[in-house]
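Structural characterization, general
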Amino acid sequence: MKKSTVIILLVLILLIAIVPLFALKDAEFGGADDAASDAVSEVRGEEYEPWYTPVAETILGDEIPGEVESLIFCVQTGIGVGIIAYFMGRFVERKKHSEK
Amino acid sequence: MKYLKYNKKLIAFMAFVVTMAITPVAGAMHIMEGYLPLSHSVAWFVVCIPFLVMGYRSIKGKVDENRRNISMIAIAGAFVFVLSSLKIPSVTGSCSHMTGTGLGAILFGPAAMSILGIIVLIFQAILLAHGGLTTLGANTFSMGIAGPFVAYAVYKALSKSNKKVAVFLAAFIGDLFTYIVTSLQLAIAHPASSGGFATSAVKFLGIFAPTQVPLAIIEGILTVLIFVALETYAEAEMKSLGFASGGMK
């Protein structure tokens, strides 16, 4: 794969992810699972009450605050990126070393 | 020097990935806590058990076979961690996230992904109230088992003709299939009062599938990119997993 192909693909990813945000200015961009919860009540023709509350919400007695939720999602991303970057870094350096 | 440049791009790309995750968006998309009746919760757990046993054996086998495989398993697991944490706006005006399970399924075979999938799902169920403990079995089945098995089948069917296309389609179809299974699981649990299972299935597919298509394309591209990066820089590891060399030119 050529380097230019890689760059084109990265730009393409960016566009796919960002264009909806600008194209659909009025959309809420809520989660697809929230839409699904509403749909559950809709197809049943009656309100559906989940019979179990998420542990974190039971402990907090409330929903996880939005900012804290995004923090935890960031921690998840961070852990993943850290591991990938660590191993990729080692691989890249090793290859450079062995070619000298 | 060439590699150093590529590495800088990689770092820039990682930085972008992290920035994307900071954008706060509410909600997401495994089956929500408490949304499956108890009998379904238990049934999906039971279905998962043999796959989890297979997965454990598969991972243990790969590690015993060659210690080098540990770093590759870590990368595959981390890839699932990253991709399933990024909630991306889609053409339907909802957000959803990717699964990231295609890469591992291609590298290690599908069984191993049940273990990597359930780790991520437990993390999200406990800390994020995203997905749930009662729905863990059903979600593990869709994300850690059904998706990866389909991805693996697609890769095996196509890899002889064009490897990159095979990787792309495997990740793309595996991602979509995960959400098709999620929709069907919800439809079985919540048949419509008029029209039953089929009506519900159409309804849930209508919510998950169109939202997921652009994300599945992104997942396909990302999986190809990391696959090529591994072929380029982790030749020895890829060889020990049975992949002939290829990679960047």
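Right above here is the structure, for reference.
Everything numeric here is computed off the predicted structure, so don't read it as measured data. (Residues numbered from 1 in each chain as written. Chains lettered and ligands numbered in written order. Predicted model: local features only at pLDDT ≥ 70, side-chain atom pairs only at ≥ 80, totals over all residues.)

When helices and strands are counted, chain A shows four helices and one strand. Secondary structure elements in chain A, listed N-terminal to C-terminal, are α-β-α-α-α. Here the C-alpha atoms of chain A give a radius of gyration of 22 Å, more than 25% beyond the 13 Å that 2.2 N^0.38 yields for 100 residues. On the principal axes, the C-alpha backbone points of chain A span a range of 70 × 35 × 25 Å. Sorting the 100 residues of chain A into buried and exposed places 22% on the buried side. (Helix = DSSP H or I, 4+ residues; strand = E, 2+ residues; numbered from the N terminus. Rg over C-alpha atoms; globule rule 2.2 N^0.38 Å. Buried ≥ 20, exposed ≤ 12 C-beta atoms within 10 Å, placed from the backbone.)

This part is about the overall build of chain B. Secondary structure summary: chain B contains nine helices and two strands in total. Counted from the first residue to the last, chain B has its helices and strands arranged as α-α-α-β-β-α-α-α-α-α-α. Relative to its 249 residues, chain B shows a buried fraction of 59%. Counted over contacts in chain B with a minimum sequence separation of 6, partners at least 24 positions apart contribute 70%. (Contact = placed C-beta atoms within 7 Å.)

As a further point, take the interface of chain B and chain A. Taken together, the contacts link 70 residues of chain B with 60 residues of chain A. Of all the secondary-structure elements, those providing two or more residues to the side of chain B that touches chain A are α1 (2-22), α3 (69-83), β1 (87-89), β2 (94-97), α5 (112-128) and α8 (196-233) of chain B. By residue number, the principal contributor to the side of chain B that touches chain A is α8(B), which donates 16 residues. In terms of residue class, the side of chain B that touches chain A is built from 50 nonpolar, 17 polar and three charged. (Nonpolar A, V, L, I, M, F, W, Y, C, P; charged D, E, K, R; others polar.)

On the basis of which strands lie adjacent, the open sheet formed by three strands has the order β1(A)-β2(B)-β1(B) and mixed pairing. Only two strands of the sheet have a single partner each, and these edge strands are β1 (30-31) of chain A together with β1 of chain B. Against the sheet, α8(B) contacts β1 and β2 of chain B, and its axis sits at roughly 40 degrees relative to β2(B). (Pairing = 2+ DSSP bridges. Axes fitted to C-alpha atoms, helices over the stretch in contact; angles between N-to-C directions.)

Glancing now at the packing of helix α1 (residues 3-23) of chain A against α8(B). One can describe the packing of α1(A) onto α8(B) by two numbers: an axis separation of 10 Å at closest approach and a directional angle of 155 degrees. One finds that α1(A) runs roughly antiparallel with respect to α8(B). Once α1(A) is placed against α8(B), the crossing between them reads as left-handed. Taking contact as the criterion, the partners of Val6(A), Leu9(A), Leu12(A), Ile13(A), Ile16(A) and Ala17(A) in α1(A) are, on α8(B), Pro214(B), Ile217(B), Ile218(B), Ile221(B), Leu222(B) and Leu225(B). Grouping the constituent residues of the contact of α1(A) with α8(B) by class yields twelve nonpolar, no polar and no charged. (Parallel < 35°, antiparallel > 145°, perpendicular 65-115°, else oblique. Left-handed = near helix turned anticlockwise from the far one by under 90°.)

All names here are of chain B. Within the largest apolar cluster, 94 residues are counted, with the highest numbers of intra-cluster contacts made by Phe79, Ile106, Ala151, Val167 and Ala170. Broken down by element, this core gets its largest block of residues, 17 residues, from α8. Sequence-distant contacts of Ala151, defined by excluding residues within four places in its chain, comprise Thr101, Gly102, Ala105, Ile106, Ala170, Ala171, Ile173 and Gly174. (Core = buried A, V, L, I, M, F, W, Y, C linked by C-beta atoms within 7 Å.)

On to helix α4 (residues 101-108) of chain B, then. One turn of an α-helix holds 3.6 residues; hence residues three or four places apart share an orientation. Residues and elements named next belong to chain B. In terms of burial, α4 is largely enclosed, as eight of its eight residues are buried. Listed in full, the buried residues belonging to α4 are Thr101, Gly102, Leu103, Gly104, Ala105, Ile106, Leu107 and Phe108. In this structure, the buried residues of α4 make contact with α2 (38-65), α3, α5, α6 (136-158), α7 (163-189) and α8. Positive phi appears at Gly109, one or two residues downstream of α4, with a value of about 90 degrees.

On to unusual backbone geometry, then. All names here are of chain B. A positive phi is found at Ala129, a non-glycine position, where the angle reads about 50 degrees. Position of Ala129 among the secondary structure elements: in the loop between α5 and α6. Exposure remark for Ala129: the 21 C-beta atoms within 10 Å place this residue in the buried category.

Here we take up the packing of α5(B) against α6(B). Residue and element names in this part refer to chain B. Where α5 meets α6, the axes come as close as 9 Å, and the angle between the chain directions of the two elements is 140 degrees. Seen from above, α5 lies across α6 with right-handed handedness. For the pair α5 and α6, contact is made by Met113, Ser114, Gly117, Ile118, Leu121, Ile122 and Ala125 and by Leu136, Asn139, Thr140, Met143, Gly144, Ile145 and Pro148, respectively. Of the residues contributing to the contact of α5 with α6, the split by class is nine nonpolar, five polar and no charged.

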